[in-house]
Each structure stands twice: as structure tokens, then as C-alpha cells.
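# Close look at the chain arrangement
Here's the letter readout for the chains.
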Amino acid sequence: MSSASPPSSPKSTAKNGGGAISNVMNQNNESHLHRRRRQQQKNESSSLFDGFLTSKLLLRILGVLLFLCVLSSLYLGSYYHVHHQDYTKATEMKQKKDDFIRRGDKATTAITISEEESKTITETDSKESSAIHETVVFESIIERVKWTEEQCNSVPEHHVDTLTTSLKKATDLPPLPEGGVAVALKKWLDSENAKEQSETTTNNNNDNDVYPTCYLPPPKSCDVTTYTLVIMSHTTERLEAFMDPLSDMVNSWPGLTEIIIVWNSPRTTLTSVSDKKQQQYAIKLLSWDTDPNHPLRIFFSLEEGLANNLLNRYHPKIQPKNEAVFYFDDDGPFFSKEAMVDSGLEMWKRNSNVQVGAFPRNIRYLSKRMKEAGKKGLMDSIDIVTNNVHGDSGATYPPFTPFCRNATGDHVEYNYFTFPDYNAHMLLPSGSILHRNFLCFIWHPAFEELRTWVVHHKTMPDDM
């Protein structure tokens, strides 16, 4: 017989129902907790992945920057090694050259220098500016003299003895021999070659009385910013005339780092002055000379073994420390800063192998042949200038007009009546600018005969 289960009491029923609900809630809580953990793990994984990507990107950027730094270091290192090395060598050579020149400031040394100093200055000159050696210059002059002789010997008959102007003698001095400069230069070169051979044979090269080797200046000196001013005088009567302008120049002319007064009289003419006003200026000039902070120094020519000579302003013994040398006469005129510095110096920088100045003179051709040749040469030169504004065509200027005194009876006349604007052949010293390298050539032993003739001529070198 089956028996039925007894009925449940309300209390037991409520108890069983509450347990079921509790189990469901627990399950729901556990499920929710699992979902939160999975989401958290997913979020953590995503964060780690994003962080990994960010770190990788940063590492790549740092790697690129490091690579660029290495390349820059290598490039700059090689650039510094090459260019700084060249700059250092050039600076050392310039320092040696400046030291050599500076030793002559207010010194009593003669023009002769030691062979070691001569080598130093000539080597630095040639390396710094690719300067042309005096031997090349002399040989070029000799070749031009030969060319002139060939031109003169080939002049047609109808151009011979065409001079119609009567000439008055300007001097009792006989004229220099035609082409004589070539003879003098050839003699000098031969003597120098013989001397070198003798020194090579005897190994005797310790001659301390060596005239320095001359070099032509460079065609351009665009980096020059300083200059020397030279004024030659011999009397206290002109002190006021040039000292007052000098005071203004020292205070207002940029780049004026040196003033040389070439004094062609004894020192006593400055120390023993009777005129009160002149005495004040003389005392002031001497004080400038002894003031180490003032750019002026006095070169006493007689104390340096030189005679009273108008060429002393061009003597290498004055040893200007700057490449650009300005010249003024002691009685002026003294041009403005705008004329000499702003214009003149800038023009000289672009043409530093020639004299630049403001007072031109020319030579008058008297024969028909030379007049025609001179006119054609002038017109050809003007055409080159007007058609070649930028100066880069490489056009060749007309050849030198040959002077044929022996072959054709040519004569020339120095025109000191006017200052020609065109077709000038020379410049007066006052207001001119000259490269200091030319001083070496002007007093070179090879040109002694020419200097002697100029000094004894009636005009002397006042217009030189």
C-alpha cells in the first residue's frame, strides 16, 4: 500500500523558498563578478598594449634623434677639422706677417733685414695672396721693352719724324737711355742668379744685409678694414695746416689705426722752435708720438740714414702696419671721410694692385703716330667699360702705346696744367691710396738709376 507524503507546514515552505532565492542571487552576483573581472582584465590588457605601442613609438623617435645627432657630430667634426685647420694656418701666417711689420714701429732698423725675417714675410705674402714674385714682374717688364722695340722698328716711314712742336728743355739732365730699365733689370736678375749659385756652392746663406723680396699686391683686398695715413713734412710752418685736420680724422675716421709723419729735417727743428704758436704745435706733435694710445708716430728720416728726399714717404723703412696706405701733402688739400674712406677706400679694395687717387695727370703725345694710337686706345677702353658693366667679359684692354724716341723722333710732354677727367696716366700723391707692397718696388736696388734721375730732375718727385 502506498502512502502519501505528509503536507508541509507554512514555516517549512517559507524556509525552502528563501533558500532558492538566495541561491539565485548568489549565482547572479558571481556571474556579475566574473564579468567585471573579465572586463577589468580586458581593460588591463588594452592598457598594457597601448602603453607598449606608446613606448615603442617613443623609442623609435629617440632612435631617429640619436642617429641624427651622430651624423651631425661626424659632419661637424670633419668640417671643423678641415676648415679650422686651414683657418688656423692662415691666422698663424697672418700673425707672423703682422709681427714682422710691427717690429718696425718706432724702430731704428735699416731697410736691410735678416734672411730669416725675409723668408718669413715673403713666404706668408706668397701663401696668403698668391702674390706675384718680383722676378716675374721684372721679366714681364723686360718682355714689354722687347715688344716696344719691335713695334718701334716696324713703324711705317710716313710716321717717322712727324713732330712739329718745338720743345723747350725742362732740365739739363740728359734723358735716360731708351729701354734702359730692361738693361738694369736684366743686370739685377743675373746678379741674383749668380749669388744663388754661389750660396749653393759655398753653403753661405747667412747674409744679414738682404733687401727683402718684393711681391705685387693682390688685385682685390675686399677684407681690408684698416689703413695707415702718411704725411711728409720738414718745417714747423706747416704743422698747423695738417695737425688740425689730423685731430678730426682720429676722432671721426673709422679704420684709421696708424698715422706716420715722415720728418725730413733734424729732430731739433721740433724741439727748438722760436715761434710761440709753432712751438705749441711742435710740442703737441711730439706728445702724440710718445703717447702709446695715439695712432701717430714720427719717422725721422735723417736718423734712419736717409737724406732729405721727397721719395722718403714711399720708403719701406716707414713700415706701415696696414696694407692700405693713404697719402696727403702737408699743406693739403685734406679730403673728407666720405671721399677718402666711404668712396676711395672702397674703390681701392676692388683695385688694390693699382694706385687710386683724386688728382690725375696725363702725358701729352706730340707726334701724329702716338696721338692716333693714344686716341684709338682711349676709345677702345671706353667701349670695353661701357659694354661690360659687370666686368666679367674677359675683354683685353688695348696694348701699351710705344714711345719710339730713337726710331721715329717721338717726344712726350708732361701736362701739369690741368686735371684730366679721362685718359689720365698718373696720379698725384696727395689724396691717393697705395698698397704697401709697392714701397718695396719703389726703393728696389734695381731701380737705383731711375730714382737718382728723378731726384735730380728739376721737378723732383713732387708729382710722383
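### A few points about the nonpolar core
Judged by nonpolar contacts, the single largest core of 32 residues is most densely connected at L229, L239, L246, W253, I261, L285 and F326. A total of 5 residues in this core trace back to one element, the largest contributor, which is helix α5 (residues 239-252). Sequence-distant contacts of I261, that is, excluding residues within four places in its chain, are made with I231, F242, L246, L285, L296, R297, I298 and F299. Counting residues in each nonpolar core, the second largest holds 30 residues, with F138, A182, L185 and A446 among its members.

### Here we look at the sheet that holds strand β10 (residues 432-435)
With mixed pairing, 5 strands are arranged side by side in an open sheet as β5-β4-β3-β6-β10. The open sheet has two edge strands with one neighbour each: β5 (296-300) and β10. In this sheet, adjacent strand axes meet at a mean angle of 25 degrees when their direction is disregarded. Against the sheet, α5 engages β3 (227-233), β4 (256-263), β5 and β6 (324-329), with an angle of about 170 degrees to β4.

### As for the pairing of strand β7 (residues 360-365)
In this sheet, strand β9 (residues 426-427) lies alongside β7 in antiparallel orientation, the contact comprising 2 bridges. Within the sheet, the bridge partner assigned to R361 lies in β9 and is M426. Judged from the 4 bridges that link them, β7 and strand β8 (residues 412-415) form a sheet pairing that is antiparallel. The residue bridging I363 from the neighbouring strand is Y414, located in β8.

### Description of the pairing of β5
Of all 5 residues in β5, 5 are buried, a share of seventy percent or more. Burial along β5 is two-sided: the residues L296, I298 and F300 and R297 and F299 are all buried. As judged from the 5 bridges shared by β4 and β5, these two strands associate in the parallel manner. Within β5, the residue paired with V262 across the bridge is F299.

### Notes on the state of the cysteines
Considering all chains together, one arrives at 2 disulfides under this definition. The residue that forms a disulfide with C152 is C404, at a sulfur-sulfur distance of 1.9 Å. Taking the torsion about the S-S bond as the criterion, the C152 to C404 disulfide, at about -80 degrees, is left-handed. Remark: C404 occurs in the loop between α9 (368-387) and α10 (405-408) and C152 occurs in helix α3 (residues 134-153); sequence separation between them is 252 residues. For the pair C152 and C404, one class covers both residues: buried. At a sulfur-sulfur separation of 1.9 Å, the disulfide partner of C214 is C440. Around the S-S axis, the bridge from C214 to C440 shows a dihedral of about -80 degrees and counts as left-handed. You can see C214 sitting in the loop between α4 (180-202) and β2 (215-216) and its partner C440 sitting in helix α11 (residues 437-442), a full 226 residues away along the chain.

Conventions we followed
Residues numbered from 1 in each chain as written. Predicted model: local features only at pLDDT ≥ 70, side-chain atom pairs only at ≥ 80, totals over all residues. Heavy atoms only, no water. Core = buried A, V, L, I, M, F, W, Y, C linked by side-chain atoms within 4.5 Å. Buried < 20%, exposed > 50% of the residue type's maximum accessible area, 1.4 Å probe, protein only. Helix = DSSP H or I, 4+ residues; strand = E, 2+ residues; numbered from the N terminus. Contact = heavy atoms within 4.5 Å. Pairing = 2+ DSSP bridges. Axes fitted to C-alpha atoms, helices over the stretch in contact; angles between N-to-C directions. Disulfide = S-S within 2.5 Å.

Shape is all these values report; function is a separate question.
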